[in-house]
Amino acid sequence: MLRVLAVDDEKPLLEELLYLLRSDPRVHSAEGASDATEALRRITRALETGPEGADGIDVVFLDIHMAGLTGLDIARLLAGFARPPLIVFVTAHEGFAVQAFDLKAVDYVLKPVRPERLAEAVRRACAQLDRSPQGPPPASPEAAAPAAPAVPAVRRPAPEAGAADRTQDQIAVELGGVTRFVAIADIAYVEAQGDYARLHTDEGSHLVRIPLSTLEERWAARGFVRIHRRHLVALGRIDELRLDAGTTTVRVGSAELQVSRRHARELRDLLMRQATG
């Protein structure tokens, strides 16, 4: 059974990946690291204690784009060790596949991660460990029982990003294979994160694979306005507009968001019209 380290600097994506890995009966343990420094510290400790040590790691599921060292940098560092853990890259970018396999990666999984595709990556890692001279790690007492089927439980697939709205009043978000529906009226503002958008509500935040520009177009009639290339805000949730030394900001609950110059005048006009009814 595999001992896994998953590395991703986007917490919701890391939690989703860990959930899926822990659901696979071939995975004995799955721990997470949210940056390259933490990942290297854990891997170094595993290498020092040896493959049979309590901190052993068989496979690293590794994001590529991270602050500081990238996943490719980490893989290059590990290649210098005699018995490094296996590497599976998990990324939203197709363009690094050649480099990844040059670094002897076991697999290259594209985000958003589908459970059946991740299951295949786990299968490949198990197969490679079985073929390696060191073999798989010793089984725990619990693992001595007959093995469970080597296929994760079937989950209902997530809706396609373009069909994310269940109704006109809700948007579907997924975490850990579970789809929830968030009322659009509960969303205070939206933050762009690459190809994703983070929806901020009073209860927390949710990540969806929908570009901010798409949400801007869909939700314009609902009072959402673009204030910056990174932010879309519900006009009725703005508590304060502040102009200081030529910089415009808005307060939305406890968050303070910058307004770009190209959007500042339009936003002031909209707020004035809203205030005067």
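Residues numbered from 1 in each chain as written. Predicted model: local features only at pLDDT ≥ 70, side-chain atom pairs only at ≥ 80, totals over all residues. Heavy atoms only, no water.

## Digging into the overall build of the protein
In terms of regular secondary structure, the protein is built from seven helices and 15 strands. A separation threshold of at least 6 residues defines the contact pool for the protein, and within that pool the share at least 24 residues apart is 53%. For the protein, the accessible surface area stands at approximately 15200 Å², while carbon and sulfur atoms represent 51% of it. (Helix = DSSP H or I, 4+ residues; strand = E, 2+ residues; numbered from the N terminus. Contact = heavy atoms within 4.5 Å. Areas by Shrake-Rupley, 256 points an atom, 1.4 Å probe, with all protein chains shown as cover.)

## Notes on the nonpolar core
Residues Leu2, Leu21, Phe61 and Val88 are the most contacted members of the largest nonpolar core, which totals 24 residues. Only β1 (2–7), α1 (11–22), β2 (27–33), β3 (59–62), β4 (86–91) and α5 (115–131) provide two or more residues apiece to this core. At six residues, the largest contribution of residues to this core is made by α5. (Core = buried A, V, L, I, M, F, W, Y, C linked by side-chain atoms within 4.5 Å. Buried < 20%, exposed > 50% of the residue type's maximum accessible area, 1.4 Å probe, protein only.)

## Things to note about the sheet that holds strand β13 (residues 240–244)
Adjacent strands of a sheet pair through backbone hydrogen bonds, lying either parallel or antiparallel. Reading across the sheet, the three strands line up as β13-β14-β15 and stay open at both edges, with antiparallel pairing between neighbours. The sheet is open, and its two borders are formed by β13 and β15 (255–259), each paired with just one other strand. Neighbour to neighbour, the strand axes of the sheet diverge by 30° on average, direction disregarded. Here strand β14 (residues 247–252) pairs with β15 via five bridges, running antiparallel. Bridging across to β15, Arg251 finds its partner in Glu256. Here helix α7 (residues 261–276) sits on the sheet and contacts β13, β14 and β15; the angle it forms with β15, its principal contact strand, is near 115°. (Pairing = 2+ DSSP bridges. Axes fitted to C-alpha atoms, helices over the stretch in contact; angles between N-to-C directions.)

## A closer look at unusual backbone geometry
Omega for the peptide link from Lys111 to Pro112 comes to -5°, which places this bond in the cis form. Along the polypeptide, Pro112 turns up in the loop between β5 (107–110) and α5. Positive phi, close to 65°, is recorded for Lys104, a residue that is not glycine. You can see Lys104 is positioned in the loop between α4 (97–102) and β5.

## Quick word on the sheet that holds β3
Taken in spatial order, the five strands line up as β2-β1-β3-β4-β5 in an open sheet, and their pairing is parallel. The sheet is open, and its two edges are formed by β2 and β5, each paired on a single side. For this sheet, the mean inter-axis angle between neighbouring strands, taken without regard to orientation, is 20°. Across four bridges, the pairing between β4 and β5 is parallel.

## A few points about the confidence of the model for the protein
Summarising the model, the protein shows a mean pLDDT of 82, and 84% of its residues fall at 70 or more. Overall, residues 135–166 carries pLDDT values under 50, and its contacts beyond four positions in sequence, including any with other chains, amount to 39 contacts. (pLDDT = per-residue confidence, 0-100.)

## Remarks on the environment of Val182
One can find Val182 in strand β7 (residues 178–183). Since its relative accessible area comes to 7%, Val182 is described here as buried. Along the sequence, Val182 and Gln170 sit twelve residues apart, while their C-alpha atoms lie 5.4 Å from each other. In this structure Val182 touches Asp169, Gln170, Ile171, Val173, Ile187, Thr201 and His206, once residues within four positions along its chain are discounted.

## Observations concerning the environment of Gly246
By the element assignment, Gly246 lies in the loop between β13 and β14. What makes Gly246 exposed here is its relative accessible area of 52%. A C-alpha to C-alpha distance of 8.9 Å links Gly246 and Arg261, two positions 15 residues apart in sequence.

## Description of α7
Its 16 residues place the ends of α7 24 Å apart at the C-alpha level, agreeing with the 22 Å of an ideal helix rising 1.5 Å per residue. Looking at α7, one finds that the buried residues are His263, Ala264, Leu267, Leu270 and Leu271. Down the axis of α7, the smallest arc covering the buried residues is 140°, so these residues share one side. Of the residues in α7, the exposed ones pointing more than 90 degrees away from the buried face are Arg265, Met272, Arg273 and Thr276. (Expected span 1.5 Å × (residues − 1). Arc of directions from axis to C-beta.)

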